[in-house]
Number of protein chains: 2
Amino acid sequence: MAAQAAGPTRALAGFIVAASAAGLPGWTLHEAKRTLINILGIAVSATRYEPAGILTAWVRRQGGNPAARVIGTDIRTGTFNAALANGYLAHLEDYDDTHLPTILHPSAPVWPAVLAAAEETGANGLDTLAAFALGAETACRVAMSVYPWHYDQGWHVTGTAGLFGAVAGAGRVHGLDAARMTHALGVGGTHASGVRELLGTHGKALHPGHAASTGLQAAELAAQGFTGPDDILGGRRGFWAILSAGGHSEEALLGGFGERWELGNNGLKPFANGIVSHPIQDGVIRLRNEHALKPGDVAAISLGVHPLVLELMNRPVVRTGLEGKFSFQHCAAAALVDGAGHDAQFTDAKAADPDISRIRDAVTGEVEESVAEDQARVRVHLADGRTLETFVEHAIGTPQNPMSDAALEAKFTDLATEVFPTDQAARLLDAAWNLDRAPDVTALMRLASAQGG
Amino acid sequence: MAAQAAGPTRALAGFIVAASAAGLPGWTLHEAKRTLINILGIAVSATRYEPAGILTAWVRRQGGNPAARVIGTDIRTGTFNAALANGYLAHLEDYDDTHLPTILHPSAPVWPAVLAAAEETGANGLDTLAAFALGAETACRVAMSVYPWHYDQGWHVTGTAGLFGAVAGAGRVHGLDAARMTHALGVGGTHASGVRELLGTHGKALHPGHAASTGLQAAELAAQGFTGPDDILGGRRGFWAILSAGGHSEEALLGGFGERWELGNNGLKPFANGIVSHPIQDGVIRLRNEHALKPGDVAAISLGVHPLVLELMNRPVVRTGLEGKFSFQHCAAAALVDGAGHDAQFTDAKAADPDISRIRDAVTGEVEESVAEDQARVRVHLADGRTLETFVEHAIGTPQNPMSDAALEAKFTDLATEVFPTDQAARLLDAAWNLDRAPDVTALMRLASAQGG
């Protein structure tokens, strides 16, 4: 192949720039909208947290031309810092989407770069969605090309591979040709970084923020003729050689590009706590909604679970919100009372909530040999003596049972209305679902900001 | 040691914050001034080049609050983008200082972070010089702690270790305590990056630009309470483990901190071309200046040289400025005519200059067995039949023969006056020499900008 003779980076760039927005499978555009709705809700909600406040105050202090908006705030600033802040907000709660084969989070590094570029250039909604789809595809494929060596070495793949995705997405919006896309991938990719030592600190969510802003910058510079290396991925002193010395796969990077789409392997997270109790919450919410249960209707909950649940999340006494995240009893009780498992269900106030506390004290779990990790048997014992039961075959959010659009809307609305008026959240949701028909992203981003329109 | 029990990053941070500006050896402050003068001249001159124009146009487009200045331009912007642009300009011509044990360039990543922080906070001149000295010390020691494994692996150490230096320097200006300095090193150090694949492209000088801006950002965030990991250097998933898997030395990082200063191993570059012809240029300029030689006085130049000169730089015919950089004949002729070897001596116009061309055609070189790499025997044959001769024991810019303050001033003036009026260049030089007595850096940075005061 001629393209590959010039190196894998040039071949990748060729695929990215050649794809036609109108030619993308409809389901990829729908999935792109779903990831957008997901991170919009998360980012709006994340503005309530202290480190988010420090970062957005920093962005305000830097200042900038009002080219792009910071989600959930009234900040309009330069594209670079808008992408930085949005990438940070999208990942801060660890509640964003996950590419299951690589545990890369594609939206947090890629969407902010694409949105800022689209706001500045006036790109239409369809091209914006396609740019995200191609950026996410690039991030996932770069991650797959170094899996598992790169992550095992200690890199946080959302920061590293995510940066290539941000370049690709922003470069699409800027209409780079293959040569300039190649240079942009090099100018950005040299700063692919973020180590796992940051997990558990305020700094972790800077990884996608850095990826989004630095990737966007590279695309903007290359659009003006700025040059980088010819082969950042395959070069002798490039990404594969240095950041994945254990191995790499060119086939994983390039094979079937445009035919297979990694957005199909990208999961949305239904609950803000550890994954092992997700099947419990799924089953409890199912019974709650089917039977319109109120807290007072419920006497106890008994669960048949996989052994990991008792190993990792057996915490009957919960004094703080954070402890609740590690208690299957709290997760089940909050799911029954609130019908959800967002960060709002893991506050100190919720830990002390009388309804949740009473039911939490009546939650029991027993290991059932036949129950798999993504399964649970849920029995709700009612005050009137009846017992309701359901078996969760595959928890919501797994590949076999992706979140429905309705469940995603509920998650979005729960999160967005922590900050925005209900009406604004509804209009923002509507704008996202209809983005493919929008002349540009201005209306969307206005609704995503604290000014609201 | 208690400090080391908490990890090497915490110990390093303790040293950085404990040093007293007034207690630093006087020669380190003088050396700090010299590095400042050196990069100010280089950065001013670098604004003339195309990629510098692309980058500064990008900074203009981002916009920002006028907290800090971009050297050689009229741009005032946020601290982050000012540091980015200044780091880029300082390194673009490959003419900045070099820490000889590690080939790290300390000034380009560290000075821009320190200057932007000082401009914003109003730090006085002495504290600013001390902050640079401690930032440069940090950069050099982080580089030494991973030498040679890290560079051999393919990292561009000016981008990676340089970022730690930028954090340290900016963190000093912001008065971080040891705990916050530790967090700042972690929040910044996670993005330590830059691979050698970028050498020879516009992107290479982004490495110190990225280091300066991202390091400064980390210090600014930590000053507001933003947290990072406790041990970015020594942690299980930290810098040493991931970016220097081949080995590392805690002793090289911490041993004798505050007693030995790496600024003593930091060289300034006298000529903009490859190092092997530096002794030739040194000798030619020495004879030219001692005897006030004019081009018309000179009939020929004959040289006794190390074999590498003929191997790497034997190019009697020179048609372009770039070819001149790889021609000892051109280097010698331009040194005789102009008394210098800056980029201004390697333009297409200089390649075609009648005086330089005539003398270049009369330059010959022969290997002398006894001549070392940093030596040269230089004979200038005059039109009146006399021959002047000198032997260069150690070329200027080597540890045994550092550039004198007078030679540095000449280099600065040559470079700065490519863009600035002579009077402004002289006043800027004066402000830099007197920085330790300045109440703040405002006057210096005004003179360093295109507005000039």
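Residues numbered from 1 in each chain as written. Chains lettered and ligands numbered in written order. Predicted model: local features only at pLDDT ≥ 70, side-chain atom pairs only at ≥ 80, totals over all residues. Heavy atoms only, no water.

K.L.:
Which residues make up the overall build of chain A, and what values go with them?
P.N.:
Scanning chain A from terminus to terminus reveals 22 helices and eight strands. When its C-alpha atoms are laid out on the principal axes, chain A stretches across 75 × 45 × 40 Å. Per-residue burial for chain A yields a buried fraction of 63% across its 453 residues. Pairs at least 24 residues apart make up 76% of the contacts formed inside chain A by residues separated by at least 6 positions. For chain A, the accessible surface area stands at approximately 14900 Å², while carbon and sulfur atoms represent 50% of it. Distance between charge centres in chain A, computed from 33 positive and 48 negative side chains, equals 4 Å. (Helix = DSSP H or I, 4+ residues; strand = E, 2+ residues; numbered from the N terminus. Buried < 20%, exposed > 50% of the residue type's maximum accessible area, 1.4 Å probe, protein only. Contact = heavy atoms within 4.5 Å. Areas by Shrake-Rupley, 256 points an atom, 1.4 Å probe, with all protein chains shown as cover. Lys, Arg positive; Asp, Glu negative; His and termini not counted. Charge placed at Lys NZ, Arg CZ, Asp CG, Glu CD.)

K.L.:
Please give an account of the packing of aromatic side chains that cites residues and values.
P.N.:
Per the counting criterion, the structure on display carries twelve aromatic pairs over all chains. Seen from their ring centres, W58 of chain A and F80 of chain B are 5.7 Å apart, and the 90° between their planes marks the pair as edge-to-face. Here W58 of chain A, found in helix α4 (residues 50-62), pairs with F80 of chain B, found in helix α5 (residues 79-92), and the two come from separate chains. Here F80 of chain B falls in the buried class, since its relative accessible area comes to 5%. Ring centres 5.8 Å apart and planes at 45° place the aromatic pair F226 of chain A and Y88 of chain B in the tilted group. Of this pair, F226 of chain A sits in the loop between α11 (206-223) and α12 (239-243) while Y88 of chain B sits in helix α5, which puts the two residues in different chains. Neither F226 of chain A nor Y88 of chain B differs from the other in exposure class; each is buried. What links up through ring pairs into an aromatic cluster is the set W58 and F80 of chain A together with W58 and F80 of chain B. The lysine or arginine in question, K411 of chain A, covers the ring of Y95 of chain A, its NZ or CZ lying 3.8 Å from the ring centre. (Phe/Tyr/Trp six-rings, centres within 6.5 Å; stacked < 30°, edge-to-face > 60°. Lys NZ or Arg CZ within 6 Å of the ring centre and 35° of its normal.)

K.L.:
Please set out the relation of the copies chain B and chain A residue by residue, giving values where relevant.
P.N.:
Overlay of chain B on chain A (RMSD 0.1 Å): rotation 180°, translation along the axis 0.0 Å. Such a combination of rotation and displacement between the chain copies is what one expects of a two-fold axis. Relative to the rotation axis, the C-alpha of G64 of chain B is the closest in chain B, positioned 1.9 Å from it. Take the interface residues of chain B: 100% of them recur as interface residues in chain A, which is what a same-surface contact looks like. (Least-squares fit on C-alpha atoms with pLDDT ≥ 70 in both.)

K.L.:
Can you tell me about the interface of chain B and chain A, naming the residues and giving the values?
P.N.:
Residue-level contacts link 55 residues of chain B with 55 residues of chain A. Carbon and sulfur atoms supply 60% of the area buried between chain B and chain A, which totals about 4700 Å² over both sides. Sorting the residues of chain B by area buried against chain A places E197, F226 and R237 of chain B first, and these three jointly supply 15% of that buried surface. R61 of chain A is paired through a salt bridge with E120 of chain B; the nearest N and O atoms lie 3.1 Å apart. (Buried area = accessible area lost by both parts, 1.4 Å probe. Salt bridge = Lys/Arg side-chain N within 4 Å of Asp/Glu carboxyl O.)

K.L.:
Outline helix α17 (residues 328-338) of chain A, supporting the account with residue identities and numerical values.
P.N.:
Burial within α17 of chain A is extensive, with ten of its eleven residues counted as buried. Among the residues trailing α17 of chain A, G339 of chain A stands out with phi positive, at a value near 70°.

K.L.:
Give a description of the environment of L100 of chain A that names residues and reports values.
P.N.:
Residues and elements named next belong to chain A. For L100, the position within the fold is in the loop between β3 (98-99) and α6 (107-121). For L100 and L263, which are 163 residues apart along the polypeptide, the C-alpha to C-alpha distance reads 9.9 Å. Leaving out residues up to four positions away in the same chain, L100 has contacts with N265, G267 and P399.

K.L.:
Tell me about the pattern of salt bridges, residues and numbers included.
P.N.:
Residue and element names in this part refer to chain A. For the structure on display, the rule yields 37 salt bridges over all chains. A salt bridge links R315 to E323; its shortest N-O distance comes to 4.0 Å. Between R319 and E323 there is a salt bridge, with its nearest N and O atoms 2.9 Å apart. One network of salt bridges, in which partners are shared, links E368, R377, R379 and E389.

K.L.:
I'd love a proper account of the environment of A130 of chain B, names of residues and values included.
P.N.:
Inspection of the secondary structure assignment puts A130 of chain B in helix α7 (residues 125-145). Sequence separation between A130 of chain B and L29 of chain B is 101 residues, and the spatial gap between their C-alpha atoms is 6.9 Å.

K.L.:
Residue-level account of the packing of helix α20 (residues 405-416) of chain A against helix α21 (residues 422-433) of chain A, with values.
P.N.:
Residue and element names in this part refer to chain A. Relative orientation of the contacting elements α20 and α21 amounts to 140°, with a least axis distance of 10 Å. Classified by the interaxial angle, the pair formed by α20 and α21 is oblique. The hand of the α20/α21 crossing is right-handed. Listed contacts from α21 to D405, L408, E409, F412 and A416 of α20 are A425, L428, L429 and W433. A class-by-class count of the residues in the contact of α20 with α21 yields seven nonpolar, no polar and two charged. (Axes fitted to C-alpha atoms, helices over the stretch in contact; angles between N-to-C directions. Parallel < 35°, antiparallel > 145°, perpendicular 65-115°, else oblique. Left-handed = near helix turned anticlockwise from the far one by under 90°. Nonpolar A, V, L, I, M, F, W, Y, C, P; charged D, E, K, R; others polar.)

K.L.:
Can you lay out helix α9 (residues 157-173) of chain A for me, pointing to particular residues and giving the numbers?
P.N.:
The periodicity of an α-helix, 3.6 residues per turn, causes residues three or four places apart in sequence to face the same way. Residues and elements named next belong to chain A. For α9, built from 17 residues, the straight-helix expectation of 24 Å at 1.5 Å per residue is met to within 8% by its first-to-last C-alpha distance of 24 Å. Helix geometry: α9 is bent most strongly at L163, by close to 35°. Within α9, 17 of the 17 residues are buried, which leaves it mostly tucked inside the rest of the structure. Looking one or two residues past α9, G175 carries a phi angle of roughly 65°, positive in sign. (Expected span 1.5 Å × (residues − 1). Bend = angle between axes of the 7 residues up to and from the residue.)

K.L.:
Give me the lowdown on the sheet that holds strand β5 (residues 298-305) of chain B, citing residues and values where you can.
P.N.:
Residue and element names in this part refer to chain B. Strands sit in the order β6-β5-β7-β8 across an open sheet of four strands; the sheet is mixed. Each of the sheet's edge strands pairs with one partner strand only, and the pair in question is β6 (363-367) and β8 (387-392). Across the sheet, the mean angle from the axis of one strand to that of its neighbour is 15°, orientation sign disregarded. Across six bridges, strand β7 (residues 376-382) lies against β8 in antiparallel orientation. The residue of β8 that forms the bridge with H381 is T387. Its contacts with the sheet put helix α14 (residues 278-290) on β5, β7 and β8, and the angle it makes with β8 is roughly 135°. On the sheet, helix α17 (residues 328-338) packs against β5, β6 and β7 and is oriented at approximately 125° with respect to β6. (Pairing = 2+ DSSP bridges.)

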